[in-house]
Amino acid sequence: MSAGAFIEVVSEAQLHQRVQQLGAEITADYEGEEPVFVGVLKGSMVFLADLVRQVDLTAEVDFLALTRFGKEGRVNIAMDTEVSLAGRHVVVVEDIVDTGLTLTTLRRLLEARGVASVRTVALLDKATRRIVDVPIEYRGFEVGDEFLLGYGLDWSGTYRNLRSLWAVMDVAVLTGDPLAFAVTAYGSSARAADSGQ
Ligand code: 5GP
């Protein structure tokens, strides 16, 4: 493994502290309301679970899943919310905003449903990669353009369960030797699991 191929960019303690702050902000801003938190699956699930427990309001939690297609980043709703969003104060919970295409389309789709309001809380903002300007009312951290993993974010479906957030500085190293990353991030139990022991 080449040194520095993977770096822990946000620790568990830093994530916890920032999520607490975001929860306090949302609690203050929605005082007297009963918002619906809508998590965009699957990347937001860890963040959402931590965030909603820092919000001291009566609130609902629901999810939707999107499929992306085309180079323009168009999205369809693949799985819709159970709760009707018409007339509700909706807080979209996103893991990361990159080009902004997904969030722009999603906000339009939600606004077309006659929501009372829609705001976004995004844990991570890759601001330098933005193609379309989209409002992010609550943002956890601004990050660079490295590929990020952990705390809900995946690499081909895996690593979502890492407790902290990692940047992959050299994607070729991860592709060539995924076990090296697993051992760095999870510890030696990852090696035992890989060898079937
Ligand atoms: P956008 O439409 O803003 O370009 O795409 C946002 C989506 O891209 C996120 O919800 C996430 O699924 C994916 N994404 C963007 N950057 C990263 C990253 O660094 N790591 C992972 N795992 N997913 C990312």
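Report on the accompanying structure. (Residues numbered from 1 in each chain as written. Predicted model: local features only at pLDDT ≥ 70, side-chain atom pairs only at ≥ 80, totals over all residues. Heavy atoms only, no water.)

### What to know about the packing of aromatic side chains
In this structure the tally under the stated criterion is 5 aromatic pairs. Seen in terms of ring centroids, Phe 6 and Phe 181 are 4.8 Å apart; in terms of plane orientation they differ by 65°. Their pairing is edge-to-face. Highlighted residues: Phe 6 in strand 1 (residues 6–10) and Phe 181 in helix 5 (residues 178–186), separated in sequence by 175 residues. The burial state of Phe 6 is the same as that of Phe 181; both residues are buried. With 4.9 Å between their ring centres and 85° between their planes, Tyr 159 and Phe 181 make a pair best called edge-to-face. (Phe/Tyr/Trp six-rings, centres within 6.5 Å; stacked < 30°, edge-to-face > 60°. Helix = DSSP H or I, 4+ residues; strand = E, 2+ residues; numbered from the N terminus. Buried < 20%, exposed > 50% of the residue type's maximum accessible area, 1.4 Å probe, protein only.)

### Overview of the environment of Ser 117
Mapped onto the fold, Ser 117 is located in strand 6 (residues 117–125). Take Ser 117: its relative accessible area is 22%, and that puts it in the partly exposed class. Residues Ser 117 and Arg 88 lie 29 residues apart in sequence; the distance between their C-alpha atoms is 6.8 Å. Leaving out residues up to four positions away in the same chain, Ser 117 has contacts with Arg 88, His 89 and Val 90. (Contact = heavy atoms within 4.5 Å.)

### Digging into the side chain of Ser 44
Relative to the assigned elements, Ser 44 resides in the loop between strand 2 (36–41) and helix 2 (45–52). With a relative accessible area of 0%, Ser 44 lands in the buried category. Excluding anything up to four places from it in sequence, Ser 44 contacts Gly 39, Val 93, Glu 94 and Asp 95.

### Describing the site of the ligand
Close to the ligand lie 16 residues, the nearest being Asp 98, Thr 99, Thr 102, Lys 126 and Asp 154. At 2.8 Å from a nitrogen atom of the ligand is found a main-chain nitrogen or oxygen belonging to Leu 148. Burial of the ligand by the protein amounts to 84% of the accessible area it has alone, namely 510 Å². Counting only elements with at least two residues in the shell around the ligand, the list comes to strand 5 (89–97), helix 3 (101–111) and strand 8 (147–149). Examining the composition of the shell around the ligand, we find that 4 residues originate from one element, strand 5, more than from any other. Of the residues contributing to the shell around the ligand, the split by class is 6 nonpolar, 3 polar and 7 charged. (Near = heavy atom within 4 Å. Polar contact = N/O pair within 3.5 Å; in protein donor to acceptor, adjacent residues only side chain to side chain. Areas by Shrake-Rupley, 256 points an atom, 1.4 Å probe, with all protein chains shown as cover. Nonpolar A, V, L, I, M, F, W, Y, C, P; charged D, E, K, R; others polar.)

### Some thoughts on the nonpolar core
Ranked by size, the top nonpolar core spans 26 residues in total, and within it Ile 26, Phe 37, Phe 47, Leu 51, Val 121, Leu 124 and Leu 148 carry the most contacts. Those elements that provide at least two residues to this core are helix 1 (12–29), helix 2, strand 5, strand 6, strand 7 (138–142) and strand 9 (165–168). What Leu 51 contacts, discounting residues up to four positions off in sequence, is Val 19, Leu 22, Gly 23, Ile 26, Phe 37, Val 93 and Val 121. One finds Val 83, Leu 85, Val 118 and Ala 122 within the second-largest nonpolar core, a separate group that totals 18 residues. (Core = buried A, V, L, I, M, F, W, Y, C linked by side-chain atoms within 4.5 Å.)

### Looking at the packing of helix 1 against helix 2
Look at helix 1 against helix 2: their axes get within 9 Å of each other, and the N-to-C directions meet at 60°. In terms of their interaxial angle, helix 1 and helix 2 are classed as oblique. Judged by the twist between their axes, the crossing of helix 1 over helix 2 is right-handed. Side by side, helix 1 and helix 2 meet where Val 19, Leu 22, Gly 23 and Ile 26 of the first sit next to Phe 47, Asp 50 and Leu 51 of the second. Of the residues that constitute the contact of helix 1 with helix 2, the class distribution is 5 nonpolar, 1 polar and 1 charged. (Axes fitted to C-alpha atoms, helices over the stretch in contact; angles between N-to-C directions. Parallel < 35°, antiparallel > 145°, perpendicular 65-115°, else oblique. Left-handed = near helix turned anticlockwise from the far one by under 90°.)

### Section: the sheet that holds strand 2
Sheet strands pair via backbone hydrogen bonds, and the direction of the pair is either parallel or antiparallel. What the 6 strands build is an open sheet, ordered 4-3-2-5-6-7; its pairing is mixed. Each end of this open sheet is capped by a strand with a single partner; those strands are strand 4 (74–79) and strand 7. If you compare each strand with its neighbour and ignore which way they point, the axes differ by 30° on average. In this structure, strand 6 lies alongside strand 7, joined through 4 bridges in parallel fashion. (Pairing = 2+ DSSP bridges.)

### So, helix 2
The complete set of buried residues in helix 2 reads Phe 47, Leu 48, Leu 51 and Val 52. Mapping the buried residues of helix 2 onto a view down its axis gives an arc of 115°, with all of them on the same face. As for helix 2, its buried residues are in contact with helix 1, strand 2, strand 3 (60–69), strand 5 and strand 6. (Arc of directions from axis to C-beta.)

Scope: geometric values only; no functional claims are made or implied.
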